[in-house]
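So the chains spell out like this:
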Amino acid sequence: MLEKKTIAAYGSDFHEIDSQYAWWRLVLTLILGTVACVGNWSVVVLLPTLQVEFDTVRGGASLPYTCTMLGFAFGGVLMGRLADRVGIVVPVLVGALLLCIGYITAALTSNIWQFAACSLIIGFGSAAGFSPLISDLSHWFNKHRGLAVAFAASGSYLSGAVWPLGIEHFLTSQGWRATHVGIGIFVPLVMVPIGLLLRRRLQTVTYAKAEAQTEAARNQLGLSANALQAVLVVAGFACCMAMSMPQVHIVAYCGDLGYGVAIGTQIIALMLGLGVVSRLASGAVADRIGAGPMLILGSSMQAAALLLYLFFNSQSSLYVISGLFGLFQGGIVPMYAVIIRKYLPPREAGIRISLVLMATVLGMACGGLAAGYIFDVTGSYRLAFLHGFLWNCVNLALVSWLILWPWLRRRQQAVAL
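Per an unreviewed UniProt entry, the protein carries the name Major facilitator superfamily MFS_1 and comes from Rhizobium leguminosarum bv. trifolii.

K.L.:
For this particular structure, what's the right way to read the overall build of the protein?
P.N.:
In terms of regular secondary structure, the protein is built from 18 helices and zero strands. In terms of overall size, the protein behaves like a compact globule, its C-alpha atoms giving a radius of gyration of 21 Å where 417 residues would be expected to give roughly 22 Å. Counting only C-alpha atoms, the protein reaches 65 × 60 × 35 Å along its principal axes. Sorting the 417 residues of the protein into buried and exposed places 57% on the buried side. The long-range fraction of contacts in the protein, counting pairs at least 24 apart against all pairs at least 6 apart in sequence, stands at 84%.

K.L.:
Help me out: how do you make sense of helix 5 (residues 63-86) in this one?
P.N.:
The periodicity of an α-helix, 3.6 residues per turn, causes residues three or four positions apart to be oriented the same way. Over its 24 residues, helix 5 runs 34 Å from end to end, which matches the ideal 34 Å to within 8%, given 1.5 Å per residue. Of all 24 residues making up helix 5, 17 are buried, and the element is well covered by its neighbours. Note on helix 5: the residue one or two positions beyond its end, G87, has a positive phi of about 95°.

K.L.:
Sorry, what's going on with the side chain of R145 here?
P.N.:
On the secondary structure map, R145 appears in helix 9 (residues 145-174). One buried charged side chain, R145, makes no salt bridge at all; its nearest oppositely charged neighbour is D18, positioned 7.6 Å away.

Definitions and cut-offs
Residues numbered from 1 in each chain as written. Predicted model: local features only at pLDDT ≥ 70, side-chain atom pairs only at ≥ 80, totals over all residues. Heavy atoms only, no water. Helix = DSSP H or I, 4+ residues; strand = E, 2+ residues; numbered from the N terminus. Rg over C-alpha atoms; globule rule 2.2 N^0.38 Å. Buried < 20%, exposed > 50% of the residue type's maximum accessible area, 1.4 Å probe, protein only. Contact = heavy atoms within 4.5 Å. Expected span 1.5 Å × (residues − 1). Lys, Arg positive; Asp, Glu negative; His and termini not counted. Salt bridge = Lys/Arg side-chain N within 4 Å of Asp/Glu carboxyl O.

Printed below as a string of structure tokens:
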């Protein structure tokens, strides 16, 4: 009875792409992603505390972040596959349970290895708030798919803008252990009811129409599905090897420079808050010029921002550069999902988007760990920023080739004729 009333409330377009219901689903997805992705950012704020608490070096203190990202990466693939088969609700409920378990047990740990193991569970739980949600929402939009995917992906950045400030407050007033218990209780109380509101699924005919569209686009591109997947995986890994340096170490970097953890927390909140603006703006632009050109533009600007970190490190300049970095790089990752939905089979969207986003998360994990060890060896983050810039160049070369390849292929065919 309730279901019939809900359908009547939204009218005959309830099942339609770009419908009123689709936009309502977008809002719920954004809230859910913001809450679920807490795992990606709590460990960043805690990094200096962990180094002191467990008496370890900077590289060792970065291990929990790497474990979080590994759980986030592989959890995204498994949950993306699960979402393809049974819908988004089950992955969300599983993620809520894992976050509850991970945070509460992390509060009971006595060494960095135990904390890292709990971080793996937390990362797996947070995965429910990223790639599965992106792939699910991408099916509900066509005309505004770029903007919709950007909204879904913005949950992780909005999480980074909101959670660090709250965590830093409770970290100071209550301690990190009590803060973790609080997060473990709060997160499932929000995720479970919102997840249940997303149980509606699209009709089979919608997937059939989308399949025909992606097959035609893939034939025009001239690459097989697996070849395109491979290029996007490598490009995604490279861009996030570059992206990880400021995002993972900016709090510790500010501490080393004498500005304090609170300043570093404010800077990362600014960076990720502007990253949300970047993602939404990039999605809107991509709906007009295409995801490929938008991807090239974002990668180029991220490289420029990384270079600025090499030459300026005053407190005011870090605010400005980090703000620019957030504005420049926020729209990169969602573009991979839009490209996949344009060219690859829609019924495989969950697993294919998750594989590419897994590569981006692994890039964040490896880049964050590499930057920590580069600091331990050199005593400076200067080479770490340069290391990130070089990976960014790899990404830019790959995405530029991918976008130019169809044009080169058509030109070769014209010459041959």
